[in-house]
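Next come the chains, spelled out residue by residue.
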Amino acid sequence: DAGITQSPRYKITETGRQVTLMCHQTWSHSYMFWYRQDLGHGLRLIYYSAAADITDKGEVPDGYVVSRSKTENFPLTLESATRSQTSVYFCASELNGELFFGEGSRLTVL
Amino acid sequence: DQQVKQNSPSLSVQEGRISILNCDYTNSMFDYFLWYKKYPAEGPTFLISISSIKDKNEDGRFTVFLNKSAKHLSLHIVPSQPGDSAVYFCAASTTTDSWGKLQFGAGTQVVVTP
C-alpha cells in the first residue's frame, strides 16, 4: 500500500544499546520528519530532511542521528539508548503543508 | 517552553452535541494552524487547517476559528459522532519556515458518549 511505513512497530531494548527505527515512503515527497510523542508534550520534532543528503535538527535532536541517502528512506538511530528515549516515534512526509504520518514505532528502553 | 497549549486534556460530550476544543499559542510569528486527529495505535491524520489571513474555516462538521488578537483557536465539531472519539492535536507553524516543522499542543482526548 502507498504511504509511510515504519518498522519495527514495537521494540524493547536496554540502556546503552543502539537502535534504528526505519521509515519508508512510497511517494516521492521531498520533506520527511521524525517526531516523538510523549504524554503532556504532544509531538515534538526530532529531525527533518528537505531532500536526500539534507538533514537538520528539530526541537529535541540530542541522542539521535538520521541519514537520508535515498529520498524514500529516512532512518532514525539512537546511538546509545537511554530510558528518557522511551516514547512513540512517528515518521512523516509533507506535501503542500500537510503532514502524512506513519503508524508509529513504540520504543521501550529498560 | 511549549508555544502551543491545549489546556484541556480531556473532553466528554454526548452524541449529537457540539464538541469545542481550545488551543492557545504564544508565538506571534505563527501564521498557519492545523488540527490533527489520532486514533490509538495509528498515526495522526490531518483534519483541518486555517491560515492567519482568515478567522474561520469550515469543512463539513468541522469548523476552526482563529482569534489572532487573543492568540487562540478553537475546533468545533457539530454534531459529534462516536467515531469522533480520538485525541485531537492543535499545531502551528510559520510559513516562512520549512513546511512540516510544526509545534504541537499536548492533545485533547475526546470521548463521545451515546
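Calculation criteria
- Residues numbered from 1 in each chain as written.
- Chains lettered and ligands numbered in written order.
- Predicted model: local features only at pLDDT ≥ 70, side-chain atom pairs only at ≥ 80, totals over all residues.
- Heavy atoms only, no water.
- Helix = DSSP H or I, 4+ residues; strand = E, 2+ residues; numbered from the N terminus.
- Buried < 20%, exposed > 50% of the residue type's maximum accessible area, 1.4 Å probe, protein only.
- Contact = heavy atoms within 4.5 Å.
- Pairing = 2+ DSSP bridges.
- Disulfide = S-S within 2.5 Å.
- Polar contact = N/O pair within 3.5 Å; in protein donor to acceptor, adjacent residues only side chain to side chain.
- Lys, Arg positive; Asp, Glu negative; His and termini not counted.
- Salt bridge = Lys/Arg side-chain N within 4 Å of Asp/Glu carboxyl O.
- Nonpolar A, V, L, I, M, F, W, Y, C, P; charged D, E, K, R; others polar.

Enquirer: Even after reading the chapter, I still don't get the overall build of chain B, so can you show me in this structure?
Expert: A tally of regular secondary structure across chain B gives 0 helices and 11 strands. Ordered by position from the N terminus, the helices and strands of chain B form the series β-β-β-β-β-β-β-β-β-β-β. Taken over the C-alpha atoms alone, chain B extends approximately 45 × 30 × 20 Å along its principal axes. Burial status across chain B gives 46% buried among its 114 residues. Expressed as a percentage of contacts within chain B between residues at least 6 apart in sequence, the contacts between residues at least 24 apart total 55%.

Enquirer: When you look at the sheet that holds strand E7 (residues 62-67) of chain B in this model, what are you seeing that I'm missing?
Expert: The pairing of strands in a sheet comes from backbone hydrogen bonds and takes either a parallel or an antiparallel form. Residue and element names in this part refer to chain B. The 5 strands are arranged E1-E3-E8-E7-E6 in an open sheet whose pairing can be described as antiparallel. A strand with exactly one partner marks an edge of an open sheet, and here the two such strands are strand E1 (4-5) and strand E6 (56-59). Bridging between strand E3 (residues 19-25) and strand E8 (residues 72-77) involves 6 bridges; their strand directions are antiparallel. Residue pairing for E8: Asp24 is matched across the bridge by His72.

Enquirer: Quick question: what am I supposed to make of the state of the cysteines here?
Expert: Here is the idea: a disulfide is a covalent bond, and it sits between the sulfur atoms of two cysteines. By the definition in use, this model includes 2 disulfides over all chains. Covalent S-S linkage joins Cys23 of chain A and Cys91 of chain A, the inter-sulfur distance amounting to 1.8 Å. Of note, the bridge from Cys23 of chain A to Cys91 of chain A carries an S-S torsion of about -75° and is left-handed in sense. Within this pair, whereas Cys23 of chain A is found in strand E3 (residues 19-25), its partner Cys91 of chain A is found in strand E9 (residues 87-95), the two being separated by 68 residues in sequence. What makes Cys23 of chain A buried here is its relative accessible area of 2%. Its relative accessible area of 0% is what places Cys91 of chain A among the buried residues. Sulfur-sulfur distance for the disulfide between Cys23 of chain B and Cys90 of chain B comes to 2.0 Å. Around the S-S axis, the bridge from Cys23 of chain B to Cys90 of chain B shows a dihedral of about -75° and counts as left-handed. Here the residue Cys23 of chain B occupies a position in strand E3, and Cys90 of chain B occupies one in strand E9 (residues 86-93), the gap between them amounting to 67 residues. For Cys90 of chain B, a relative accessible area of 0% translates into the label buried.

Enquirer: How do you make sense of the side chain of Lys37 of chain B when you look at a structure like this?
Expert: Residues and elements named next belong to chain B. With respect to the helices and strands, Lys37 occurs in strand E4 (residues 32-38). A polar contact is formed between the side chain of Lys37 and the side chain of Tyr39, at a distance of 2.9 Å. What Lys37 contacts, discounting residues up to four positions off in sequence, is Gly43, Pro44, Thr45, Gly83, Asp84, Ala86, Val87 and Tyr88.

Enquirer: Would you explain the side chain of Arg68 of chain A in this entry?
Expert: Residue and element names in this part refer to chain A. Here Arg68 lies in the loop between strand E7 (64-66) and strand E8 (76-78). The charged side chain of Arg68 is buried without a salt bridge, its nearest counter-charge being Glu72 at 7.3 Å. A distance of 2.8 Å separates polar atoms of two side chains, one belonging to Arg68 and the other to Ser49. Polar side-chain contacts of Arg68 include one of 2.7 Å to the backbone oxygen of Thr71.

Enquirer: Even after reading the chapter, I still don't get the interface of chain B and chain A, so can you show me in this structure?
Expert: Residue-level contacts link 20 residues of chain B with 20 residues of chain A. Joining chain B to chain A, the criterion identifies 0 salt bridges. Applying the counting criterion to the chain B and chain A interface returns 4 residue pairs in polar contact (both at pLDDT 80 or more). Contributing elements (two or more residues each) for the side of chain B that touches chain A: E4 and strand E10 (103-104) of chain B. The dominant element in the side of chain B that touches chain A, judged by the number of residues it contributes, is E4 of chain B, at 4 residues. The class makeup of the residues in the side of chain B that touches chain A is 11 nonpolar, 6 polar and 3 charged.

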